Every structure is written in C-alpha cells, then in structure tokens.
Amino acid sequence: MISTRGVTVTRSGRRLLDDVSVNLTPGTFSVIIGPNGAGKSTLMKVLSGEMRADAGHVAYGSIDMNLFKPAQLARLRAVLPQSTVLSFPFTALEIVRMGAVAQGSLQPEEQARAALAKVGLSGFEGRAYNMLSGGEQQRVQFARALAQVPSAVENGEARALLLDEPTSSLDLGHQISVLETARDFAMGGGTALAVLHDLNLAAEFADQLIVMHRGKITACGSARDTINDETIARVYGIGGTVGRIPASHIPYVLPQSRHR
C-alpha cells in the first residue's frame, strides 16, 4: 500500500535516511523501533507525504506520493505527530472535528463525537484543549486521526493510520488501548504504522517490526526474528537479556546497565 525504494534524506550535510526501502501492506500493523536520531520520525514524515525525499521513490499503491494533492492524502491517511502545539483555545470536539472535515465527512460533529468515545473521552467535547493533561491531549489527537480515517477501507481502497510515538504521554492502560485500536484498524484491512520506544509493547503488537539505526533499516521482520541480544547491543549500545513468553514465544526485553 505505502512503499519506499532507496529513499535518502539529507539535511545540513547529515544523512537522516540512507537508502531506505520498506513496504507497509494492508492488514499489517508495522512498528518502527530504534534509538534517538535513528531516522524513525523522518521515515514517518516521508511515508505520510509531509517530507520529500532527496532520492528514491515513495508510492501509495502504484501512484507516486508526490502526485497527490494535500486534500487527496487527507482522505487516504491520518497522521498522529510526536507533539502538537496549539495557539488557539480550541475545544476537544473542535480539534477532532477537524479530522472529520479533512476526510470530507457529511456529519463531522457526529463522527468527531464517535471518535472521542472510542478513546474514552466522552464528556470531554466542550473541554478546552490547553486545559487537558498531556495524556488527554494525546488521546484527543488520536481521536482526530481516527475521525479522519473512520474506516480501514473505503470504496475498496485501504487507508493508513500513521502514529509517531502514540503512547509517549499515556498510562499503561491507555497505551494498550491505543495500540489495540491501531491493530484492529490493520485487522480491518487498513495499514497501521507506529513509532515506539517500548520494545515490549512493540513485540506484543507488531506484525512487522522495522529496526532503524543511523538512518538505515538494520532488520525487518517478526518480533521473534528481530528482537534479540545482538540487536539490543548493536542498536542501543547496552546489554540486554531477551526472553520468551512460553505460551506465545513473544520476546521480552530486560535492559541491563552498561556498567554491570
């Protein structure tokens, strides 16, 4: 559905992405992991169409990403950025409604209310966004994305949900809820992608795990195939003990200090 081939991005003489090729397919929940500065958010911006690559090719289906107008992209994919700063006193409902309007909904308010309910924020419609906690703001932004792509497939065409660190401000229960929603979106025939720092959450939810380091993809596959002691040591520069949950063989990571 969304793919890159040989994508390179250079800024201020530094190569942020270096010959990156990746496929995000309908029905798959992909998760990008890697240390700070690995190129995760840059790849997300390229995949969403927010940033143009200096070299390589990015496509949505068989169509070059650069050929889409912003309004067309808004109907095909929704993006949850790392952080959002607002200067105006919007309410939670007004922000989520923007996603529904961008999608072209004929009932944007109804769609916005449904999205707020989906993230557990019914009753927050009239609350001022800047008066909400960090976690509540994150969930409002997630609801905006859901209102923009309320269904995983529209007129036979898969849509995409692109989430950059969606769990960063959330408690454990809401982390699980957000990732379950993203996984359900993928299971419904859409494409879901998230950037995560929690390797255990990544291992639990990812169908495809993309490991990035220094602007390159160093591993791509299932959590079982990509998360191991060697990867933890090479990519993160720390010791790690990777175990396996007996019932499912899903890996889990117990990080260790460098100084042990």
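Before reading further, recall that the structure is shown in the block above.
Residues numbered from 1 in each chain as written. Predicted model: local features only at pLDDT ≥ 70, side-chain atom pairs only at ≥ 80, totals over all residues. Heavy atoms only, no water.

S.K.: So what exactly am I meant to see when it comes to the overall build of the protein here?
M.R.: Secondary structure assignment for the protein yields 9 helices and 14 strands. At 18 Å, the protein has a C-alpha radius of gyration in line with the 18 Å of a compact globule built from 260 residues. Taken along its principal axes, the extent of the C-alpha atoms in the protein is 55 × 40 × 40 Å. By residue count, 51% of the 260 residues in the protein fall in the buried class. The long-range fraction of contacts in the protein, counting pairs at least 24 apart against all pairs at least 6 apart in sequence, stands at 63%. If you sum the accessible surface of the protein, you get close to 12300 Å²; carbon and sulfur atoms cover 50% of it. Counting 25 positive and 23 negative side-chain charges, the protein places the averaged centre of each group 5 Å from the other. (Helix = DSSP H or I, 4+ residues; strand = E, 2+ residues; numbered from the N terminus. Rg over C-alpha atoms; globule rule 2.2 N^0.38 Å. Buried < 20%, exposed > 50% of the residue type's maximum accessible area, 1.4 Å probe, protein only. Contact = heavy atoms within 4.5 Å. Areas by Shrake-Rupley, 256 points an atom, 1.4 Å probe, with all protein chains shown as cover. Lys, Arg positive; Asp, Glu negative; His and termini not counted. Charge placed at Lys NZ, Arg CZ, Asp CG, Glu CD.)

S.K.: I keep staring at the pattern of salt bridges and nothing clicks. Help me out?
M.R.: Side chains that carry opposite charge are capable of pairing whenever their charged atoms lie near each other. One pass over the structure, following the stated rule, counts 6 salt bridges. With a closest N to O distance of 3.3 Å, Arg 15 and Asp 18 form a salt bridge. For Arg 15, a relative accessible area of 47% puts it in the partly exposed group. Residue Asp 18 pairs with Lys 216 through a salt bridge whose shortest N-O separation is 3.1 Å. In this pair, Asp 18 is assigned in strand S2 (residues 14–24) and Lys 216 in strand S12 (residues 216–221), connecting sequence segments 198 residues apart. In this structure, a network of salt bridges that share partners links the residues Arg 15, Asp 18 and Lys 216. (Salt bridge = Lys/Arg side-chain N within 4 Å of Asp/Glu carboxyl O.)

S.K.: What exactly am I supposed to notice about the packing of helix H3 (residues 92–103) against helix H4 (residues 108–118) here?
M.R.: If you want to describe how two helices pack, look at the angle between their axes and the distance between the axes. Look at H3 against H4: their axes get within 8 Å of each other, and the N-to-C directions meet at 120 degrees. Considered as vectors, H3 and H4 are oriented oblique to each other. Every pair of crossing elements has a handedness; the one defined by H3 and H4 is right-handed. Listed contacts from H4 to Ala 92, Leu 93, Val 96, Arg 97, Ala 100, Val 101 and Gln 103 of H3 are Pro 108, Glu 109, Gln 111, Ala 112, Arg 113, Ala 115 and Leu 116. For the contact of H3 with H4, a count of residues per class yields 9 nonpolar, 2 polar and 3 charged. (Axes fitted to C-alpha atoms, helices over the stretch in contact; angles between N-to-C directions. Parallel < 35°, antiparallel > 145°, perpendicular 65-115°, else oblique. Left-handed = near helix turned anticlockwise from the far one by under 90°. Nonpolar A, V, L, I, M, F, W, Y, C, P; charged D, E, K, R; others polar.)

S.K.: Any chance you could explain H3 here in plain terms?
M.R.: Residue pairs spaced three or four apart in an α-helix point in one direction, given the helix's 3.6 residues per turn. With 12 residues, H3 should reach 16 Å at 1.5 Å per residue; the first-to-last C-alpha distance of 18 Å fits that figure. Along its buried surface, H3 packs onto helix H2 (70–76), H4 and helix H5 (134–148). (Expected span 1.5 Å × (residues − 1).)

S.K.: Which parts of the structure should I look at to understand the sheet that holds strand S10 (residues 191–195)?
M.R.: The strands making up a sheet are joined through hydrogen bonds of the backbone, oriented either antiparallel or parallel. Read from one edge of the open sheet, 6 strands run S6-S9-S10-S3-S11-S12, paired in mixed fashion. In this open sheet, the two edge strands, each paired with only one partner strand, are strand S6 (77–80) and S12. Averaged over all pairs of adjacent strands, the angle between strand axes in this sheet comes to 15 degrees, irrespective of strand direction. Pairing between strand S9 (residues 160–164) and S10: 5 bridges, direction parallel. When the bridges of S10 are listed, Leu 163 appears paired with Ala 194. Against the sheet, helix H1 (residues 40–48) contacts strand S3 (29–33), S6, S9, S10 and strand S11 (208–213), and its axis sits at roughly 155 degrees relative to S9. (Pairing = 2+ DSSP bridges.)

S.K.: Mind showing me how you'd approach the sheet that holds strand S5 (residues 63–64) here?
M.R.: The sheet built from 4 strands is open, its strands ordered S2-S1-S4-S5 with antiparallel pairing. Taken across any chain shown, the strands that pair with only one partner, and hence form the sheet edges, are S2 and S5. With 7 bridges connecting them, strand S1 (residues 2–11) and S2 associate as antiparallel partners. Pairing of Thr 10 across the sheet is with Arg 15, part of S2. The strands touched by H1 within the sheet are S1, S2 and strand S4 (55–60), with S2 carrying the most contacts at an inclination of about 55 degrees.

S.K.: When you look at the nonpolar core in this model, what are you seeing that I'm missing?
M.R.: Looking at soluble globular proteins, one finds that nonpolar side chains tend to be buried together. One finds Phe 29, Val 31, Val 96, Val 140, Phe 142, Leu 161 and Leu 209 to be the most contacted residues of the largest nonpolar core, which totals 53 residues. With 6 residues, the top contributor of residues to this core is H5. Every residue in contact with Leu 209, bar those within four places of it in the chain, is listed here: Val 31, Ile 33, Ala 202, Ala 219, Cys 220, Gly 221, Ala 223, Thr 226 and Ile 227. Residues Leu 17, Val 20, Leu 193 and Val 195 belong to the second largest nonpolar core, which totals 30 residues. (Core = buried A, V, L, I, M, F, W, Y, C linked by side-chain atoms within 4.5 Å.)

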